[in-house]
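Given next are the chains, with one letter for each unit.
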Amino acid sequence: MGMTMTQKILTAHAGLDSVVPGQLIEADIDLALANDITGPVSIRVLREADFEQVFDKTKVALVMDHFAPNKDIKSAEQCKEVREFALKHGIVNFYDVGTMGVEHALLPEKGLVASGDAIIGADSHTCTYGALGAFSTGVGSTDLAAGIATGRAWFRVPSALKFNLTGTPAPWVSGKDVILHIIGMIGVDGALYQSMEFAGPGVAKLSMDDRFSICNMAIEAGAKNGIFPVDDKTLAYMEGRAQHEPRIFAADEDAAYERVFDIDLGSIPPTVAAPHLPENTKPVTELAGIRVDQSVIGSCTNGRIEDMRIAAKLLAGHTVSPHVRTIVMPATQHIYLQCIEEGLAKIFIEAGAVISTPTCGPCLGGHMGILAAGERSIATTNRNFVGRMGHVTSEVYLSSPAVAAASAITGVITDPADIELL
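Treat the numbers as computed from the prediction; the structure is a model and nothing was measured.

Trainee: Report on the sheet that holds strand 2 (residues 31-35), specifying residues and quantitative values.
Mentor: Within a sheet, neighbouring strands are paired by backbone hydrogen bonds and run either parallel or antiparallel to one another. Strand order in the open sheet formed by five strands is 4-3-2-5-6, with parallel pairing between adjacent strands. The open sheet is flanked by strand 4 (93-95) and strand 6 (135-138), the only strands paired with a single partner. The sheet shows a mean angle of 15° between the axes of neighbouring strands, taken without regard to direction. In this sheet, strand 5 (residues 118-121) lies alongside strand 2 in parallel orientation, the contact comprising three bridges. By the bridge assignment for strand 5, Ala-32 is matched with Ile-120.

In C-alpha cells:
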C-alpha cells in the first residue's frame with residue numbers, strides 16, 4: 001500500500017523502507033524549536049538530566065516572542081534563562097528583541113525550514129511549516145529537551161485525511177476563511193492525531209501566506225500536522241531563502257486516507273468562529289452587527305505581509321470606530337519594515353490603529369491587548385477559548401484580516417464587502 005506525504009517524510013527520517021499508521025518510530029529531526037515560555041522548561045529538563053551539549057547548534061532555534069519585550073519580572077527571568085543557555089551553547093538561531101518575530105512566521109522567513117524537513121517545536125502551532133511540504137508538529141517541553149540533546153524524536157505514525165481543493169476563493173476570502181470553514185465542518189477533534197493533507201487543483205489558487213494560515217490551525221482540528229504538496233509557489237518561496245537543500249516528497253497515488261473531503265474554495269464565504277471554540281463557525285453575514293471592543297490583526301496565523309496589505313486596503317481612508325481599540329502586529333521585523341516601506345504603517349496610524357512590535361501579544365492572554373470583563377474582540381488569532389485573551393467573561397471572535405479590519409471601521413462584526421474602498 002502507498003504512503004501519504006507525511007508517512008514518506010517520517011519513513012526517510014527514521015531510515016526505514018516504509019511505515020504504517022500507528023507504528024512507533026524514532027526519527028532524526030532537522031530542527032528543534034522553543035520560545036520564551038517553553039524554552040525554560042526544556043532547559044531545566046536538560047540540566048536535571050545532566051546533558052551538557054546540544055545535538056547541533058545550528059539546528060536549534062530559540063525565539064523570544066510570547067512575552068517579549070518583557071512585560072514583567074517573570075517574563076524577563078524566562079528570557080534571561082534562555083538567553084544564557086543560547087550563549088553557553090553557541091546557539092546560532094537565537095532571536096531576541098530587535099531580531100525576533102512570531103516564531104512560526106520568522107522561521108520560514110529566515111529559511112530555517114524547508115520542504116521534506118522533520119521539525120518539532122514546544123509550541124502547538126509548529127504545524128505551520130507543513131505549508132512548505134515539511135512534517136512539523138508540536139511536542140511537550142520534555143520531548144523537545146530530548147530532541148535538543150539527541151537530534152531525534154519518537155512519533156506514532158499518523159493516519160491521514162485528504163482535503164481535495166477545487167475552485168478559486170471569492171473576493172475577501174483567504175486561507176483563514178478556508179481553515180475556519182474546514183474546522184467548522186469536521187470539528188475541533190475531527191482530525192485527532194491525524195495528518196491533514198491538502199491536494200487538488202485549488203492548491204494553486206492559494207498563496208503561500210494562505211497555506212501558512214491553513215497549516216497553522218491544523219492543530220485546532222486536533223491534527224498531528226497539516227501539509228501541502230510542493231509546487232512552483234513553494235519552490236519560489238524557498239528560492240534564495242532556504243538555508244539547506246529542500247527535499248520533495250509526494251503522496252503515492254494509492255495512499256490510504258481515513259476520509260476524503262472535496263472542498264470548492266469558491267463556495268466558502270468570509271467566515272468567523274464565535275466563542276468559545278474554533279469549530280463554532282458561521283458566515284460573517286450571520287454574525288454581522290455584533291459589537292466589538294477590540295480588533296487584533298496579527299499573530300502566527302495572520303501577521304504576514306499579505307495580511308497587512310489586506311487590512312490596509314480596507315482601512316485606507318477610513319477611521320476606526322472610536323470604541324474599537326485596533327492593534328496591528330506585524331509578525332516579524334522584516335514584515336514591520338515592509339509595512340513602513342509600502343506605506344501600510346501610515347495607513348494604520350492615520351486610521352487610528354496602533355502598531356505593535358512583533359510579538360504573540362494578546363493571542364494567549366499575554367500582553368499588548370488583554371480584555372477586561374465582558375469585552376469582546378474580533379481577532380485574526382487562532383483560539384477563542386474561555387478567557388483566552390483575558391477575563392473569563394470576555395469573548396473572542398476569530399476571523400480573517402479582512403473581517404477584522406472591516407469590523408474595526410464599523411465597530412461591529414462586518415462583511416468586508418460592505419466597506420467602501422477609498
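Moving on from the model shown.
Trainee: I'd like a rundown of the packing of aromatic side chains, residues and numbers included.
Mentor: This structure, assessed with the given rule, holds five aromatic pairs. Each ring, one from Phe-163 and one from Phe-261, has its centre 5.0 Å from the other, and the planes form 10°; the classification is stacked. Linking Phe-163 in strand 8 (residues 159-166) with Phe-261 in strand 11 (residues 259-264), this pair joins segments that are 98 residues apart in sequence. Accessibility classification places Phe-163 together with Phe-261 in one group, the buried group. For the ring pair Phe-212 and Tyr-237, a centre distance of 5.4 Å and an interplane angle of 65° mean the geometry is edge-to-face. A residue pair is termed long-range when its members are at least 10 positions apart, and Phe-212 in helix 7 (residues 208-216) and Tyr-237 in helix 8 (residues 232-238) qualify at 25 residues. For Tyr-237, a relative accessible area of 16% translates into the label buried. Here the aromatic residues Phe-163, Phe-198, Phe-228 and Phe-261 are joined through ring pairs into a cluster of three or more. Taking NZ or CZ as reference, Lys-71 lies 5.4 Å from the ring centre of Phe-67, over its face.

Trainee: Give a description of the pairing of strand 3 (residues 60-63) that names residues and reports values.
Mentor: Working note: regular strand, side chains alternate between the two faces of the sheet. Of the two faces of strand 3, both are covered, the one formed by Val-60 and Leu-62 as well as the one formed by Ala-61 and Val-63. Running through helix 2 (residues 38-48), the crossover from strand 2 to the neighbouring parallel element strand 3 is right-handed. In this fold, the crossover linking strand 3 to strand 4 by way of helix 3 (residues 73-89) has right-handed handedness.

Trainee: Could you give me a rundown of the state of the cysteines, with the residues and numbers involved?
Mentor: By definition, a disulfide is the covalent link that joins the sulfur atoms of two cysteine residues. Enumeration according to the criterion identifies zero disulfides in this entry. Unpaired in this structure, Cys-360 has its nearest cysteine sulfur neighbour in Cys-300, at a distance of 6.3 Å. Since its relative accessible area comes to 11%, Cys-360 is described here as buried. You can see Cys-363 has no disulfide; the closest cysteine sulfur is in Cys-300, sitting 6.1 Å from it.

Trainee: Please give an account of the domain arrangement of the protein that cites residues and values.
Mentor: We note that the domain assignment places domain 1 (5-263) and domain 2 (271-418) within the protein. Relative placement of domain 1 and domain 2: their C-alpha centres are 24 Å apart. Listed per partner, the contact involves 38 residues of domain 1 and 42 residues of domain 2. Here domain 1 packs against domain 2, burying approximately 3,100 Å² in sum over the two surfaces, 61% of which is carbon and sulfur. Summed over the three residues of domain 1 that lose the most area to domain 2, namely Val-102, Trp-172 and Lys-176, the buried surface amounts to 23% of that side. At the boundary of domain 1 with domain 2, the tally comes to one salt bridge. The partner of Glu-220 in a salt bridge is Arg-383, and the shortest N-O contact between them spans 2.9 Å. Scanning the region where domain 1 abuts domain 2 turns up 23 residue pairs in polar contact (both at pLDDT 80 or more). Counting residues per element, the ones that place at least two in the side of domain 1 that touches domain 2 are helix 4 (103-109), helix 6 (175-186) and helix 7. Here the side of domain 1 that touches domain 2 gets six residues from one element, more than from any other, and that element is helix 6. In terms of residue class, the side of domain 1 that touches domain 2 is built from 15 nonpolar, 15 polar and eight charged.

Trainee: Describe the environment of Val-188, naming the residues involved and giving the relevant values.
Mentor: Along the chain, the position of Val-188 falls in the loop between helix 6 and strand 9 (194-199). Judged by its relative accessible area of 26%, Val-188 is partly exposed. Along the primary structure Val-188 and Asp-231 are separated by 43 residues, whereas in three dimensions their C-alpha atoms are 29 Å apart. In this structure Val-188 touches Ile-183, Glu-220, Ala-221, Gly-222, Leu-277, Pro-278 and Glu-279, once residues within four positions along its chain are discounted.

Conventions used here
- Residues numbered from 1 in each chain as written.
- Predicted model: local features only at pLDDT ≥ 70, side-chain atom pairs only at ≥ 80, totals over all residues.
- Heavy atoms only, no water.
- Pairing = 2+ DSSP bridges.
- Helix = DSSP H or I, 4+ residues; strand = E, 2+ residues; numbered from the N terminus.
- Axes fitted to C-alpha atoms, helices over the stretch in contact; angles between N-to-C directions.
- Phe/Tyr/Trp six-rings, centres within 6.5 Å; stacked < 30°, edge-to-face > 60°.
- Buried < 20%, exposed > 50% of the residue type's maximum accessible area, 1.4 Å probe, protein only.
- Lys NZ or Arg CZ within 6 Å of the ring centre and 35° of its normal.
- Right-handed = clockwise from strand over helix to strand, strands pointing away.
- Disulfide = S-S within 2.5 Å.
- Domains from an automatic or database assignment.
- Contact = heavy atoms within 4.5 Å.
- Buried area = accessible area lost by both parts, 1.4 Å probe.
- Salt bridge = Lys/Arg side-chain N within 4 Å of Asp/Glu carboxyl O.
- Polar contact = N/O pair within 3.5 Å; in protein donor to acceptor, adjacent residues only side chain to side chain.
- Nonpolar A, V, L, I, M, F, W, Y, C, P; charged D, E, K, R; others polar.

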